[in-house]
Amino acid sequence: MSDSQAFSLLDVRIQKWIWEAGWSELRDAQERAVAPILAGDKDVIIAAATAAGKTEAALLPILTRMLREKTPGCTLYISPLKALINDQWDRLDRLCGSLEIPVIPWHGDISTSKKKRFLKEPCGILLITPESLEALLMNHGHGLAGIFSELRYVVVDELHAFLGTERGKQLQSLMHRVEFALKRQVPRIGLSATLGDMGLTATYLRFNKDEDSFEMNIIVLKDSTQELRAQVKGYVTLPPQLSELEIHTKQEAGHEISLEETLSPAILKVANHLYSNLRGQNNLIFPNSRTQVELYADLLRRQSERNKVPNEFWPHHGSLSKEIRSEAETALKQKERPASAVATTTLELGIDIGAVKSIAQIGPAPSVASLRQRLGRSGRRKCEPAVLRCYCLESALDPQSPISDRLHEGLVQSIAQIRLLVNSWFEPPMVHGLHLSTLVQQLLSVIAQYGGLTAAMAWQLLCNSGPFQEITQTQFAQLLRALGERDVLTQESSGLLLHGSLGEKLINHYSFYATFTSEEEFRLITEGKPLGSLPITRPLELNSLLIFAGHRWRVIQIDPVAKDIEVLPDKGGKPPEFDGLGSKVHDRVREEMRQVLLEHHSLPFIDQTAGKLLDEARQSFLQLQLDHEVVIQNGGDVRLFTWKGDWVMDTLQLALSLKGLKVINEGLCLLIRETTVSQISDLLFDMSQGAFPSESELTKVVLNKHEAKWDWLLPESLLAKNYSSHNLNISATKQYLQQLIEQGIFAAYL
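Keep in mind the model is a prediction, meaning the values are calculated, not measured.

Trainee: Explain the packing of helix H3 (residues 28-39) against helix H4 (residues 54-68) residue by residue, including any values.
Mentor: Where H3 contacts H4, the two axes come as close as 8 Å, and the packing angle between them is 35°. When you trace H3 past H4, the crossing you get is right-handed. Facing H3, whose interface residues are Ala-29, Gln-30, Ala-33, Val-34, Ile-37 and Leu-38, H4 presents Glu-56, Ala-57, Ala-58, Pro-61, Ile-62, Thr-64, Arg-65 and Arg-68. For the contact of H3 with H4, a count of residues per class yields 9 nonpolar, 2 polar and 3 charged.

Next comes the structure, spelled out in structure tokens:
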């Protein structure tokens, strides 16, 4: 450490802790972050892969500064998950305990007495979720300036997880409200995965930049030269062993039917490959839905039981109870026995589970950025490669196969994602969108915080100087009137805004602090032990069979009032039907998919079956003339291939629907019923020349624009603007149409 300038800047007590911990050197993130954070007059973003030492990079200089002040003050450490807070508390308490700086976890599972102690003496590292910070601001609004009078820093962990979400907009508002109460800026430290445009990430962290704002210091750690070993395995999905008729006949005759008999052999082959290749080491397996998590966790556990060996495969998703998720995390952390987790995005974030040997991805990942985040868990040991196994299940082709199957969309998307990953391209953060649902929540919250405030003050706090700067005064007034008409707000003769009767009910409900909605769910219990929860929209009957937490259960009792389902172990069962985890596809991914199909050479990282499937897809691509055509006739219908992302595709779908056409978005293309290439070409040409529908016109054909929690309170005109800001991209669509004209695509039809 003698040649480390950053080490020399740290407090001697922290230097001692580093030596005792056996560190031979500071990591790159720590070397580069210490000086700017210690200065206390800069915002800093540290962007790096998982396990790059980002947490210590932020906290070592923060703790040094706290130790050097007359009073340590406090640091807000904001995390997206309670599990992450618990994990960080365990890590930080060992360091901070020796420094006599308290670490206080604050969320719904923490006792009131611990929270009261912090409020009485606000000192140390406060680990908190946005929802708990919301409650703190609302319930202690008048004392906020005192509580945070010696606030030194605000740290946002897993910053990338907040970008582009309602929760992320809430967090922006909360950070601004804290500074508004203190009448000063507080240095903000963002810990993030590397994203496609870190400038947008910086704009998110400090949105209201002016000449007096802190300088932004962005520390991006480039990917190491670590070797990546990737393989894409292809499988052809054939019918299950039993047809639906045979299943019905056997059930009528009282015969027991195994789950395996109802599944495609391809699924069983994937499970067998996972079992044979992953058993004996730590791995993460990512299917694309909670249903698939349960299915593969069950198949892998049953395989272990048949072979009379200990189970090493653990399910992990958001509907499982905290205890069951903790079992999976503990199994991965302990070193006595190998363990693999079958998980959703819950294990993308930085919960400490140690290093894993490989990542298995079943189907395309939600995004390239997500795939990279997952892969950061593998190959963390020196000189060890990161290992990625992708499993692609594709339908066998016949003359009636849909276009998506003929082009083997899932396989081609997986290949495109890996190629973009290797070339260090990731989706830029999606920071656009009005987030008016969250504006409603924040408006109700600040009224509670201040015990009422004027419309002018609310506008100044939330919009003019706050994160909702795209909202005009006219639109804000329109929102206030709509909330007044619903008795959400009322206004005194003095002009003070207060909660109406409905507003009082909303803010007093336990769910108010969260910006996201949760379906009402049944709680699953076995012999008094909670297993997790299921959406109430999935009806069950007594003796129904299901798979949950990687085991098979029979329902023995249902309490609709308490919303409890009691279950016992059983031999049968099927996975519960949860929603999938799909996300919008970026333009660049679709463009790379087209490039994959245009090429003729084989790819070294795909197996023989995947190679044959890719050859089929390329042959179909050429047969459809998609190497040079955009619009193709298909019987009496037309298909439009834009090779653009979902924002352009959705915009075009609505624009064509407004013309009275029946349009279906099939992902890779738009299927337009009962028309001709010539008619569609004429329409697209007209749209490119300035006749493109407006935002309000496009959203008229959207039947359900209520997407976020408080959208139901928005007036129709603001609801339309809000929907458009999140889901459509008119300018990019018009630009795409103009490119088609310039390329002469429609020349033969005009």
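Trainee: I'd like a rundown of helix H22 (residues 587-598), residues and numbers included.
Mentor: Between its first and last C-alpha, H22 extends 17 Å over 12 residues, near the 16 Å set by a 1.5 Å rise per residue. Elements that come into contact with the buried residues of H22 comprise helix H15 (368-375), helix H17 (409-422), helix H23 (608-623) and helix H24 (646-657).

Trainee: Lay out empty space enclosed by the protein in plain terms, naming residues and giving numbers.
Mentor: As enumerated under the stated definition, the model contains 1 cavity of 30 Å³ or more in all. Of the voids in this model, the largest cavity is the one considered here, and its volume is about 30 Å³. As for the largest cavity, its lining consists of Pro-366, Ser-367, Gln-413, Gln-417, Glu-427, Lys-584, Val-585, His-586 and Val-589. Split by residue class, the lining of the largest cavity holds 3 nonpolar, 4 polar and 2 charged.

Trainee: Requested: an account of unusual backbone geometry, with residues and values cited.
Mentor: Of note in the backbone geometry, Lys-308 takes a positive phi value of approximately 55° without being a glycine. Relative to the helices and strands, Lys-308 is located in the loop between helix H13 (290-306) and strand E10 (313-316). Overall, the relative accessible area of 75% leaves Lys-308 in the exposed class. With phi around 60°, Ser-424 is a residue other than glycine that occupies positive phi space. Positionally, Ser-424 belongs in the loop between H17 and helix H18 (436-450). The class for Ser-424 is partly exposed, based on a relative accessible area of 47%.

Trainee: Could you give me a rundown of the packing of aromatic side chains, with the residues and numbers involved?
Mentor: According to the stated counting rule, one finds 10 aromatic pairs in the structure shown. Here the aromatic rings of Phe-512 and Tyr-513 are separated by 6.3 Å at their centres, their planes lie at 75°, and the arrangement is edge-to-face. Among the aromatic residues, those joined into a cluster by ring pairs are Phe-512, Tyr-513 and Trp-710. Its guanidinium or amino end placed over the ring of Phe-426, Arg-372 lies 4.8 Å from that ring's centre, counting from NZ or CZ.

Trainee: Quick rundown of the nonpolar core? Include the residues and the values.
Mentor: Grouped together as the largest cluster of nonpolar side chains are 54 residues, with contacts concentrated most on Val-232, Leu-284 and Phe-641. Looking at this core, the elements that each hand over two or more residues are strand E9 (283-286), helix H14 (322-333), strand E11 (340-343), H15, strand E13 (386-395), H17, H22 and H23. Ranked by residues supplied to this core, first place goes to H17 with 7 residues. The residues touching Leu-284, leaving out its near neighbours within four places in the chain, are Leu-332, Ala-341, Leu-347, Ile-353, Val-356, Ser-358, Ile-359, Ala-360 and Arg-377. Core analysis: the next-biggest nonpolar cluster, separate from the first, contains 38 residues, Leu-10, Leu-26, Ile-46 and Val-155 among them.

Trainee: Provide a residue-level description of the pattern of salt bridges, including the pertinent values.
Mentor: Under the criterion given, the structure shown has 32 salt bridges. The closest approach of N and O atoms between Arg-32 and Asp-28, which form a salt bridge, is 3.9 Å. You can see Arg-32 and its partner Asp-28 sitting in helix H3, 4 residues apart, about one turn around the helix. Judged by its relative accessible area of 38%, Arg-32 falls in the partly exposed class. With relative accessibility at 42%, the residue Asp-28 sits in the partly exposed group. Two residues, Arg-301 and Asp-298, come together in a salt bridge whose shortest N-O distance is 3.1 Å.

Trainee: Account for the sheet that holds strand E22 (residues 631-634), naming residues and giving values.
Mentor: Within a sheet, each strand pairs with its neighbour through backbone hydrogen bonds, oriented either parallel or antiparallel. Read across the sheet, 4 strands follow the order E22-E23-E25-E24 without closing on themselves; strand pairing throughout is antiparallel. Two strands lie at the open edges of the sheet, namely E22 and strand E24 (663-665), each paired on one side alone. The average angle at which neighbouring strand axes cross in this sheet is 20°, direction not considered. Two elements, E22 and strand E23 (residues 637-640), share 4 bridges in a ladder whose sense is antiparallel. Across the sheet, the residue bridging to Asn-634 is Asp-637, located in E23.

Reading the values: the criteria
- Residues numbered from 1 in each chain as written.
- Predicted model: local features only at pLDDT ≥ 70, side-chain atom pairs only at ≥ 80, totals over all residues.
- Heavy atoms only, no water.
- Axes fitted to C-alpha atoms, helices over the stretch in contact; angles between N-to-C directions.
- Helix = DSSP H or I, 4+ residues; strand = E, 2+ residues; numbered from the N terminus.
- Left-handed = near helix turned anticlockwise from the far one by under 90°.
- Contact = heavy atoms within 4.5 Å.
- Nonpolar A, V, L, I, M, F, W, Y, C, P; charged D, E, K, R; others polar.
- Expected span 1.5 Å × (residues − 1).
- 1 Å grid on protein atoms, 1.4 Å probe; cavity = no way out; pocket = protein on both sides within 12 Å on 5 of 7 lines; lining within 4 Å.
- Points joined across faces, edges and corners; volume = space filled by probe spheres on them.
- Buried < 20%, exposed > 50% of the residue type's maximum accessible area, 1.4 Å probe, protein only.
- Phe/Tyr/Trp six-rings, centres within 6.5 Å; stacked < 30°, edge-to-face > 60°.
- Lys NZ or Arg CZ within 6 Å of the ring centre and 35° of its normal.
- Core = buried A, V, L, I, M, F, W, Y, C linked by side-chain atoms within 4.5 Å.
- Salt bridge = Lys/Arg side-chain N within 4 Å of Asp/Glu carboxyl O.
- Pairing = 2+ DSSP bridges.

Taken by themselves, the reported measurements are silent on function.
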